[in-house]
Amino acid sequence: MTQASESAATGPRTAGTVTRLFAARVRETPDAPALIAVSGTLSYAELDGRANRLARRLLASGLPQGATVAVALAGEADTVVALLAVLKAGGAYALLAPDAPGTAEKQLAATAPDALLTDSRTRYRLGAAQGDHRVILLDDDEEAVAAQPADEPGAEPGGTAAVLFTGADGTRAVPVGHERLLAAHQAWSEVAGTTPADRHLITARLDVTAFAAGWTRALCGGGALVLPGPARERADELRRVLAEERVTVLHTDPGWAVHLFRRRTPAPDSLRLVTVTGDRLYVDQQATLQRRLSPGVRLLNVYGVTETAGVGTWFELARLSRPVARSASLSLLGEPFPGCRVEVQDGEIRLGPPEGGDAVPTGDRGRLREDGLLEFGGRTRDLVVSDGHTVDAYRVESELRSHEGVGGAIVARMNEGVLLRTLAVYVEPSPDDGDRGPDRPAPGSVELRRHLEGRVPKEDMPKVVVRLRALPRNRAGQEDRAALPRPPSGHATGTKYGAAQPGSAEPSGCGAGCATLVVALFAMVLTDFLWTGSTDLSGVPGPWAGFFFGLYAAECLAFGAGMAFLFTGLPRMLRAGRSPGLTRAAHLAVVYLLASWWPQDNAYRLAAKTDWPQQALLVYTFNIPLMVAAAIVAVYVTRRPKDTYDAD
């Protein structure tokens, strides 16, 4: 079954490229500010001249027609100059994440560029991430770039304009053509009504689609692009930049929007438009943000994917003819951007790109309402399978948000072992908003389960509730399920994170103790078969024979405890919040420290003191690994876990 909605615009909507549109802005307003950065302000003429010189230098260095150039630079202004230069040289740019070398390495591998444009400082930070790619150092080439003419190089554009990154970790490469990049800009301009007087600020990191494709909103519209630099990391610093630079258009995501526009922090009076994209925005959140802005400021909830250069649908509260019920559990994506279309096939949202063409499957679910608005229904990848049952995580999360004390929720399956699974929910408190309650921690397990009764199926009821100060988000501003911490062991006792519920997979102390005794008895029986005579005490006088028997029994008990800890200890250790890699190493180290005494002492007792090969073998098999295991445990116990939880 297919539902469809499309904008009024039909047929081809684009001609030319974003660089030609930028060049027209340079001719019209050469002295107008184009970039406002920490390092200073560049006019359109200055930005154009710098980009032209760098483009000519790239061509002179042998850059082939249509080449892909990965860009990783320390300075934000230099980065914008570089992406314009690559386009002017007829190439395609790919903005990397120099602040995250591991991510940059994956982005490079996914892009396979013809060249890497970077600087000495960033090249050092990337380390092995730069691989075997041809490297162009911008600072080493500074004099050669300055010597180039400042006029347009006139290179013909290739088929691809940009390689954008998407995916849960931001490393899946998506090529975008010139026509789509320009059509996306034009669609934005029509909806947002951008003017040359606007000053735009984008909170997203430079490698994220919101910036990597969204820079055109400012520079192709004749406005100024404000680059916050280090202020991008802190809400209070961003608020300062918004006010000091008189920003009129803010492009952000739901997480940053909540931080920037808090109840006690007035929004800058210069703002006329705020666009929120990157993740779901519930209607009540949008209404709260709208109230915190000055009268007349537009607030748009924007939905798009990287494949469509970040455009798709948009929604603002003025589109509703009357208030909606259950706004805390409803997310409206609105109507298509000009030139775009929306299809819902078998519950999945598909977006038609702004320049026309085949609809792109989004992997998101939704429905078209009777009023023509698109309603979000969750992501297919977020469906949770627990005990053979598929849980609609979005439905549970939305119902949890209808509790006045919950600002956000994520439902996830928590693995307790090979065969054990537990359905957990992570919640963050409602922001400091008078409409949904005063500042306070998120509610606990009992209260939330009571709230969900009758709203979700019994089998969808989470068994564990973990309260976080804030849900983790990735580079693109989306809620990051992969970064959810392990719940601490307190969740099973009810002392900190809610009472234990039936079906909890926490290994019991009784079960571990019984396993220890069974394995210890088995080891005692097996000893004489493996090391005949190693525990023979017939020649030892009393009471010493009793002492040695106690030693042999302790070794077997330690071996049993080690085997029990091998199968039950890791889930408990992971909840401490330390690094998963270090935790697994410490887990195996503890197992070895407990279990190795039984085979070690039996082997030593049968080895002749002067049998040097056997003595050396035993030392390197047992003693040195024991030292290594002890060192790993020492590092583990002294490494401070992440402080990510609020106690009841």
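Engineer: Just checking my understanding: could you explain the packing of aromatic side chains for this structure?
Structural biologist: One pair of aromatic rings is described through two measures. These are the centre distance and the angle between the planes. Inspection of every chain in the model, using the stated rule, returns 5 aromatic pairs. Both rings, one in Tyr 282 and one in Tyr 394, keep their centres 6.2 Å apart while their planes meet at 5 degrees; by these two values the pair is stacked. Here Tyr 282 is found in the loop between β13 (273–276) and α12 (283–292), whereas its partner Tyr 394 is found in helix α13 (residues 393–401), with 112 residues between them in sequence. The pair Tyr 282 / Tyr 394 is uniform in exposure class, with both members buried. Both rings, one in Phe 559 and one in Trp 598, keep their centres 4.6 Å apart while their planes meet at 50 degrees; by these two values the pair is tilted. Here Trp 598 lies in helix α18 (residues 597–606) and Phe 559 lies in helix α16 (residues 544–574), a separation of 39 residues in the sequence. Judged by relative accessible area, Trp 598 falls into the buried class, the value being 6%.

Engineer: I keep staring at a negative patch on the surface and nothing clicks. Help me out?
Structural biologist: A surface patch of negative charge is lined by Asp 139, Asp 140, Glu 142 and Glu 143. Mapped onto the elements of the fold, Glu 142 is located in helix α6 (residues 142–146). Judged by relative accessible area, Glu 142 falls into the exposed class, the value being 53%.

Engineer: What is the right way to read the pattern of salt bridges from this model?
Structural biologist: Applying the stated criterion to the full structure yields 38 salt bridges. Linking Glu 399 and Arg 455 is a salt bridge whose minimum nitrogen-to-oxygen distance equals 3.5 Å. In this pair, Glu 399 is assigned in helix α13 and Arg 455 in the loop between α14 (445–452) and β25 (464–467), connecting sequence segments 56 residues apart. A relative accessible area of 12% places Glu 399 in the buried class. When salt bridges that share partners are traced, they join Asp 279, Arg 280, Asp 364, Arg 379, Asp 382, Glu 397, Arg 473, Glu 479 and Arg 481 into one network.

Engineer: Where do I start with the nonpolar core in this structure?
Structural biologist: Nonpolar side chains in soluble globular proteins tend to be buried together. Core analysis: the biggest nonpolar cluster contains 70 residues, and Leu 219 and Leu 225 have the highest contact counts within it. Among the elements that line this core, the one with the most residues is helix α3 (residues 76–88), at 9 residues. Those residues in contact with Leu 225, other than ones at most four positions away along the chain, are Ala 34, Leu 35, Ile 36, Val 80, His 200, Ile 202, Phe 211, Trp 215, Ala 218 and Leu 219. Membership of the second largest hydrophobic core comes to 24 residues, among which are Val 226, Ala 267, Val 274 and Leu 293.

Engineer: Just to check I follow, could you spell out the packing of α18 against helix α19 (residues 612–638) for this structure?
Structural biologist: Two quantities define a packed helix pair, namely the angle between the helix axes and the distance between the axes. One way to put it is that α18 packs onto α19 with a least axis distance of 11 Å and a crossing angle of 155 degrees. It follows that α18 is roughly antiparallel to α19 by the angle criterion. Crossing of α18 over α19 shows left-handed handedness. Every residue of α19 that contacts α18 at Trp 597, Pro 599, Gln 600, Ala 603 and Tyr 604 is listed here: Gln 615, Leu 618, Val 619, Phe 622, Asn 623 and Leu 626.

Engineer: Would you explain the confidence of the model for the protein chain in this entry?
Structural biologist: Parts of the prediction with low pLDDT should not have their coordinates interpreted in detail. With 89% of its residues at a pLDDT of at least 70, the protein chain reaches an overall mean of 85. A low-confidence stretch, residues 489–508 stays under pLDDT 50, and its non-local contacts, those more than four residues away or across chains, total 45 contacts. Counting contacts from residues 642–648, a segment whose pLDDT is below 50, to residues more than four positions away or on other chains yields 25 contacts.

Engineer: Looking at this model, I keep getting lost on helix α1 (residues 18–28). Mind explaining?
Structural biologist: Since there are 3.6 residues in each turn of an α-helix, residues three or four apart along the chain are aligned in direction. Of all the positions in α1, only Val 18, Thr 19, Phe 22, Ala 23, Ala 24 and Val 26 are classed as buried. In this structure, the buried residues of α1 make contact with α2 (44–60), α3, α7 (178–192) and α9 (216–219).

Engineer: Honestly, the environment of Gly 407 in this entry has me stumped. Any pointers?
Structural biologist: Checked against the element boundaries, Gly 407 lands in strand β23 (residues 406–415). In this structure Gly 407 touches Gln 285, Arg 401, Glu 428, Pro 429, Ser 430 and Pro 431, once residues within four positions along its chain are discounted.

Engineer: Teacher, can you tell me more about a nonpolar patch on the surface here?
Structural biologist: Taken together, the side chains of Val 619, Tyr 620, Ile 624, Met 627 and Val 628 present a nonpolar region at the surface, about 470 Å² in accessible area. Taking the relative accessible area as the measure of exposure, Val 619 reaches 30% and is therefore partly exposed.

Engineer: When you look at α2 in this model, what are you seeing that I'm missing?
Structural biologist: Taking 1.5 Å of rise per residue, 17 residues should cover 24 Å, and α2 covers 24 Å from first to last C-alpha, within 8% of that figure. Note on α2: the residue one or two positions beyond its end, Gly 62, has a positive phi of about 100 degrees.

What counts, and where the lines are drawn
Residues numbered from 1 in each chain as written. Predicted model: local features only at pLDDT ≥ 70, side-chain atom pairs only at ≥ 80, totals over all residues. Heavy atoms only, no water. Phe/Tyr/Trp six-rings, centres within 6.5 Å; stacked < 30°, edge-to-face > 60°. Helix = DSSP H or I, 4+ residues; strand = E, 2+ residues; numbered from the N terminus. Buried < 20%, exposed > 50% of the residue type's maximum accessible area, 1.4 Å probe, protein only. Patch = residues over 30% accessible without salt bridge, like charges linked within 9 Å, V, L, I, M, F, W, Y side chains within 5 Å. Areas by Shrake-Rupley, 256 points an atom, 1.4 Å probe, with all protein chains shown as cover. Salt bridge = Lys/Arg side-chain N within 4 Å of Asp/Glu carboxyl O. Lys, Arg positive; Asp, Glu negative; His and termini not counted. Charge placed at Lys NZ, Arg CZ, Asp CG, Glu CD. Core = buried A, V, L, I, M, F, W, Y, C linked by side-chain atoms within 4.5 Å. Contact = heavy atoms within 4.5 Å. Axes fitted to C-alpha atoms, helices over the stretch in contact; angles between N-to-C directions. Parallel < 35°, antiparallel > 145°, perpendicular 65-115°, else oblique. Left-handed = near helix turned anticlockwise from the far one by under 90°. pLDDT = per-residue confidence, 0-100. Expected span 1.5 Å × (residues − 1).

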